[in-house]
Amino acid sequence: MAKTLLDKVWEAHTVAELPSGQTQLFIGLHLVHEVTSPQAFQMLRELGLPVLYPDRTVATVDHIIPTHTEQRPFDDEQAETMMREIERNCRDFGIRLFDRATGHQGIVHVIGPEMGLTQPGLTIACGDSHTSTHGAFGNIAFGIGTSQVRDVLASQCLAIKKPKLRRVEVSGALPAGVYAKDVILHIIRTLGVKGGVGYAYEYAGAVLDRMTMEERMTVCNMSIEGGARCGYVNPDRTTVDYLRGREMAPQGDAFEPAAAWWQSMASEPGAAYDDVTRIDGSHLAPVVTWGINPGQAVGVDERIPNADTFAADERDVAQDAYEYMDWTPGTPIAGTKIDVAFIGSCTNGRLSDLREAARVARHGKVKPHVKAIVVPGSQAVARQAEAEGLDDVFRAAGFEWRLPGCSMCLAMNPDKLVGRQVCASSSNRNFKGRQGSPSGRTLLMSPAMVAAAAIAGEVVDVRTLLSEPVGV
Ligand code: SF4
């Protein structure tokens, strides 16, 4: 019988079927960061256990790290404590830590792929829900809680139920000015924020086939925002070409056999799915969220929907969103004034994101009332962007160029919204208070759309801005 990638990866990593109906699943790669690991390491100490496979475990610092200074100790004592904890834990348990001194520091879901640690056919776990990002390479990658971080550190295994599988096919060709971020926001808008609960998503179709690895990462990153704990794209030549020559990928003669095995893990024609959803990508427009979850989104040329357009069980949250975001239904999303523009995060803090945003930034200057920051996803991204002069482009347009980290995606560092500020953000969550102010408001969109909003001072269609001459 034809198998899916999910079937093959699951079978290859199954240690045992448990009486609970769960699988004891071996984890090929465990990624660790400073926020969800301290208690897990503490539990290991109390149990007197070592980390079973330290060579399968990699750590970095991203959530709490300031982006305006490299100075230590950090001003925030809690952040400094977390930093010291991960330094001590990695030292004591023999784990590689990619901190700033290594030149490889960055958001955990940016550095894994760029170093070649993230490979097809693996199981990958991390104490972070956006671990789904890694599925872009054709693996099963999902976020876990702190007690599961402990389990993986101690046993390299997890007890977990195999999800159902939905194939999401995006056909056609994306119009100019429409990006991977618009595709995934549209998918979540279509299927709902709970539509993927209990499922893994297999993204496929002509649009995904043509995407670069960075674009596929953007799509897979937000699987969890649609309720799917993991999402993947089948490995192909694009995947293989991306991994060739990466520091932690197989080297020399070992590469081609690895590449052949990676591609053999792809879903086979005729494999069965629990559900198939088809979307035509040819008619998509840039998407902007208007509400308090990523499914509350509209095309930039649309209006805030009326409550009666929602299913009965969604009307309360729509009402909540109108009140929190200060909307009158029927208002066009375009023209919404913004106070802050944030370009970065594990969704859209990679080099291609910065290149696209810089292309837009060349068309004008940030409006005086807007605070605009660009935060590269990793030190490697920052180095490459600086080598291309993107930092100068952003600075010349009035953006701040920051050090790598999660920054204003979650605002566990000093980068926070203030009061009722409205932020055009390339991140992945627009929950109430997500960006550091309990009453702050977030509009999710592509990095190009964020750059356009910074220049216009309000939500605009980036396609209009790009049609104007550079320097206007
Ligand atoms: S950038 Fe945001 S979503 Fe991604 S790992 Fe950091 S805090 Fe989490």
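Residues numbered from 1 in each chain as written. Predicted model: local features only at pLDDT ≥ 70, side-chain atom pairs only at ≥ 80, totals over all residues. Heavy atoms only, no water.

Engineer: Even after reading the chapter, I still don't get the overall build of the protein, so can you show me in this structure?
Structural biologist: Along the protein, the regular secondary structure elements total 17 helices and 19 strands. Computed over C-alpha atoms, the radius of gyration of the protein comes to 21 Å, within 12% of the 23 Å expected from 2.2 N^0.38 for 472 residues, which places it in the range of a compact globule. Dimensions along the principal axes, computed over C-alpha positions, put the protein at roughly 55 × 55 × 45 Å. By residue count, 59% of the 472 residues in the protein fall in the buried class. Taking all contacts inside the protein whose residues are at least 6 apart in sequence as the whole, residues at least 24 apart take part in 76%. For the protein, the exposed area adds up to about 17600 Å²; of that, 52% sits on carbon and sulfur atoms. If you average the places of the 46 positive and of the 56 negative side-chain charges in the protein, the two averages end up 1 Å apart. (Helix = DSSP H or I, 4+ residues; strand = E, 2+ residues; numbered from the N terminus. Rg over C-alpha atoms; globule rule 2.2 N^0.38 Å. Buried < 20%, exposed > 50% of the residue type's maximum accessible area, 1.4 Å probe, protein only. Contact = heavy atoms within 4.5 Å. Areas by Shrake-Rupley, 256 points an atom, 1.4 Å probe, with all protein chains shown as cover. Lys, Arg positive; Asp, Glu negative; His and termini not counted. Charge placed at Lys NZ, Arg CZ, Asp CG, Glu CD.)

Engineer: Looking at this structure, how should I read the sheet that holds strand 9 (residues 164–171)?
Structural biologist: Either a parallel or an antiparallel arrangement is found when strands of a sheet pair, and the pairing is made through backbone hydrogen bonds. Pairing is parallel in the open sheet, where four strands are placed in the order 11-10-9-12. Here the strands that pair on one side only, and so sit at the sheet edges, are strand 11 (230–233) and strand 12 (275–280). If you compare each strand with its neighbour and ignore which way they point, the axes differ by 20 degrees on average. Here six bridges tie strand 9 to strand 12, and the two strands are oriented parallel to one another. The partner of Glu169 across the bridge, within strand 12, is Arg278. Along the sheet, helix 6 (residues 180–191) contacts strand 9, strand 10 (199–204) and strand 12; its crossing angle with strand 9, the most-contacted strand, is approximately 125 degrees. Across the sheet, helix 8 (residues 213–221) is in contact with strand 10 and strand 11; its angle to strand 11 comes to roughly 155 degrees. (Pairing = 2+ DSSP bridges. Axes fitted to C-alpha atoms, helices over the stretch in contact; angles between N-to-C directions.)

Engineer: Help me understand the site of the ligand, please; the structure alone is not making it clear to me.
Structural biologist: Lining the immediate surroundings of the ligand are His63, Ile107, His109, Asp128, His130, Ser345, Cys346, Cys406, Cys409, Leu410, Asn428 and Arg434. Taken together, the residues of the shell around the ligand sort by class into five nonpolar, five polar and two charged. (Near = heavy atom within 4 Å. Nonpolar A, V, L, I, M, F, W, Y, C, P; charged D, E, K, R; others polar.)

Engineer: Even after reading the chapter, I still don't get the pairing of strand 2 (residues 23–26), so can you show me in this structure?
Structural biologist: Looking down a regular strand, the side chains alternate between one sheet face and the other. Here three bridges tie strand 1 (residues 14–17) to strand 2, and the two strands are oriented antiparallel to one another. Looking at the pairing, Glu17 lines up with Thr23 of strand 2. The loop that links strand 1 with its antiparallel partner strand 2 comprises five residues; one of these, Gly21, has a positive phi angle of about 95 degrees. Relative to strand 8 (residues 157–160), strand 2 runs antiparallel, the two being bridged by four bridges. Bridge pairing in strand 8 places Leu25 opposite Leu158.

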